[in-house]
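Coordinates in review
Spelled out from the first residue to the last, the chains are:
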Amino acid sequence: MKEINELNLPEDVKYTDDHEWAKLDGDVATIGISDYAQDQLGDIVFVELPETGSTFDKGEEFGSVESVKAVSELYMPLGGEIVEINAELEDAPEQVNSAPYGGGWMVKIKIADMAEFEALMDKSAYLASLEG
Amino acid sequence: MSHTSSETTWMPTGTTGLIFNEPLLWEQGAEGRCGMSVPESDVLMSPLDSELVGDGPDWPNLSELDVVRHFTRLSQWNFGVDSNMYPLGSCTMKYNPKINERQAALPGFAGSHPLLPESLSQGALKLLYDLERYLAEVTGLPAISLQPAAGSHGELTGMLIFAAYHKAQGKPRHKVLIPDTAHGTNPASAALCGFKSIPLASGEDGILTPEMVDELMDEDTAGIMITNPNTLGLFENNIKEVAEVIHAKGGLIYGDGANMNAVMGIVNMADVGVDVLHLNLHKTFSTPHGGGGPGAGPVCVTEALRPFLPVPRVVKEGDTYRWDEDYPQSVGKVHAFYGNFGVLVRAYSYVLSMGPFLKKASQLAVLNANYIKESLKEVFHLPFDRVCMHECVFTDKYQEQHKVATLDMAKRLMDYGFHPPTVYFPLVVHGAIMIEPTESENKETLDRFIAAMRAIAEEAREHPDLLHQAPRNPKLGRLDETLAARKPCLCG
């Protein structure tokens, strides 16, 4: 288990209380789980993702990750429509552990309300919440 | 005999011994070897339709001794409650008295067939009828179906009854409240009946408060599923007030009876407001448990919910027993015939052999858990430091600084000869270690377990690598659980 100062928390993504992250590119956001989340969950063995085209509200459950310890729900940091899912995770769920902000990304959504993105935590706020 | 303290007499129970490697049955034997003889056919030979003819089954070619050694060797790799303490939290791995097996093996029970006419099944029907009465006495709920074959199956039946009840009121409801200290299968059972499960966080003391329940309860909520004692091993002290809040808005209370071993003969479930309760006979009533064997999860309900119970039902008229299916509001059949009969015979044997001592069993189960809790709370972090019921929950918080996690300690316990406790459950406790000793263990065994746990806490400080590499004594060391989950090998 990592100490808080060992966590990889990039500056160019935003975070949620539920340990998801979102990165913006135009009106599309890429979503995954933070280094803290993957570290706490342990080795991930399965990722369940929604279908492209489905829509979610902010805070709604959009899938789940299963580790050797437990199954955890995934919650949408932002409302919107799923435009792409990371199909590679089906065969290589370990990418969520090895590259949570890279190959371990989960879904891309077309954001419905940009204000929701602005309301997410930046690195320092997220770090403060972890130290809480 | 002199009395010495457990400290001086304590020796680790786990040790290494001669264990045999054993290949799969199909990887041994030789063509033509056979351990059985088929009796001469006493029916006339008749040609088979060629479409029905094919290759025979691929039986291994083995002698009787090959087979006996195979399964004896496999059994030596195994660990069960007949070998040593099995403190798997929330599973109630109590000892299964052998008298239960003896009764279930009686030819009249073992050889009975569910399609025999009622007139030839009076003994079996009486057993089912009487067992229902005994379980009604233990729970305080008068109407029972023995059909469900597992705890989760009992939950499903209970949720079907919730749905049928609200439908009969003319107002189907769509949500069910489920606390975060409930059993993990509860949301799935609710979802299968079309309910949306609404999670409910437990309060600071690890139990529900009526205020929190009131906030979420509404006219579209069918009721609440409460595990009591809950999965933190704590009694829901506010259960009555919670039930009043739910009932006031027309809802029902589902009691997950998986933890009934703490309260047999102590809590009357009807008095505290429970409307539907399932029992796990394979936990509380000492029928065999685990390994995928058959279970039994009877459902007990209030008089008001009796019309909705599954069919068929056993009824008694004068001195005879018969099946009755004429209950138009019933949720229907939930299992072939009337559940797992052999399991029910074992539970019946247990209830009759224990009699009034069922209450004592619960009292000792609670005492044992509290003894462990008090004996270990110095060395393991106890998130809720209050009197527990039949199980107690620690965490790895004190060991984290040595980079030792719950999993490492659970694995190390195997080297000391104990089955690991439940780990990482309940989910509300980070790094949970959930210990349920049951009433079966005597003080010497509890002391050996406590000594082993203390030794492990010491090792976590002094030799953390011992724990990272554990277990060493079992036939196989640390297994790659991740690889097993990601790339399961399903052969045999």
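Described in the following lines is the structure provided in the data block. (Residues numbered from 1 in each chain as written. Chains lettered and ligands numbered in written order. Predicted model: local features only at pLDDT ≥ 70, side-chain atom pairs only at ≥ 80, totals over all residues.)

The number of helices and strands found in chain B is 16 helices and 12 strands. Counting only C-alpha atoms and orienting by the principal axes, one finds that chain B spans roughly 75 × 65 × 55 Å. Residues classed as buried in chain B amount to 42% of the 492 residues present. (Helix = DSSP H or I, 4+ residues; strand = E, 2+ residues; numbered from the N terminus. Buried ≥ 20, exposed ≤ 12 C-beta atoms within 10 Å, placed from the backbone.)

Moving on: helix H9 (residues 239–248) of chain B. Residues and elements named next belong to chain B. For H9, the set of buried residues is Ile 239, Val 242, Ala 243, Val 245 and Ile 246. Burial along H9 is one-sided: seen end-on, the buried residues are contained in an arc of 160 degrees. Across H9 from its buried face, at more than 90 degrees, point the exposed residues Lys 240 and Ala 248. Looking at the buried positions of H9, the neighbouring elements they touch are helix H8 (210–216), strand S4 (221–227) and strand S5 (252–257). Positive backbone phi, approximately 80 degrees, marks Gly 250, located one or two places after H9. (Arc of directions from axis to C-beta. Contact = placed C-beta atoms within 7 Å.)

Our next topic: the sheet that holds strand S4 (residues 44–48) of chain A. Residue and element names in this part refer to chain A. The strand order S4-S6-S7 describes an open sheet built from 3 strands, whose pairing is antiparallel. The sheet is open, and its two edges are formed by S4 and strand S7 (71–75), each paired on a single side. Adjacent strand axes in the sheet meet at a mean angle of 25 degrees, parallel and antiparallel pairs treated alike. Looking at chain direction, S4 and strand S6 (residues 61–67) are connected through 4 bridges and run antiparallel. Directly across from Ile 44, in S6, lies its bridge partner Ser 67. (Pairing = 2+ DSSP bridges. Axes fitted to C-alpha atoms, helices over the stretch in contact; angles between N-to-C directions.)

A few words on the environment of Lys 411 of chain B. Residue and element names in this part refer to chain B. One can find Lys 411 in helix H13 (residues 406–415). A C-alpha to C-alpha distance of 5.3 Å links Lys 411 and Pro 471, two positions 60 residues apart in sequence. Not counting the four nearest positions on each side in its chain, Lys 411 is found in contact with Pro 420, Ala 470, Pro 471 and Arg 478.

To continue, consider H13 of chain B. Residue and element names in this part refer to chain B. The element H13 is extensively covered by neighbouring structure, given that 9 of its 10 residues are classed as buried. Within H13, the full set of buried residues consists of Thr 406, Leu 407, Asp 408, Met 409, Ala 410, Lys 411, Arg 412, Leu 413 and Asp 415. Where H13 is buried, its residues touch strand S11 (422–423), strand S12 (433–435), helix H14 (443–462) and helix H15 (464–468). Gly 417 sits one or two residues past H13 and shows a positive phi near 95 degrees.

Interface size is commonly expressed as the accessible area that is lost once the parts come together. At the junction of the two partners, chain A supplies 7 residues and chain B supplies 8 residues. Looking at side-chain class alone, the side of chain A that touches chain B contains 5 nonpolar, no polar and 2 charged residues. (Nonpolar A, V, L, I, M, F, W, Y, C, P; charged D, E, K, R; others polar.)

Here the focus is the sheet that holds strand S5 (residues 55–56) of chain A. All names here are of chain A. Taken together, the 6 strands give an open sheet; going across it, the order is S1-S2-S3-S9-S8-S5, and neighbouring strands pair in antiparallel fashion. Two strands lie at the open edges of the sheet, namely strand S1 (14–15) and S5, each paired on one side alone. Where strand S8 (residues 80–85) lies against strand S9 (residues 107–111), 5 bridges are found, and the strand directions are antiparallel. Pairing of Ile 85 across the sheet is with Val 107, part of S9.

Before going further, it helps to spend a moment on the packing of helix H12 (residues 357–376) of chain B against H14 of chain B. All names here are of chain B. Following both chains from N to C, one finds H12 and H14 inclined at 30 degrees, their axes separated by 10 Å at the closest point. In terms of their interaxial angle, H12 and H14 are classed as roughly parallel. The handedness of the crossing between H12 and H14 comes out as right-handed. On the side of H12, the interface is formed by Asn 368, Tyr 371, Ile 372, Ser 375 and Leu 376, while H14 contributes Leu 446, Ile 450 and Met 453. Looking at the contact of H12 with H14, its residues break down into 6 nonpolar, 2 polar and no charged. (Parallel < 35°, antiparallel > 145°, perpendicular 65-115°, else oblique. Left-handed = near helix turned anticlockwise from the far one by under 90°.)

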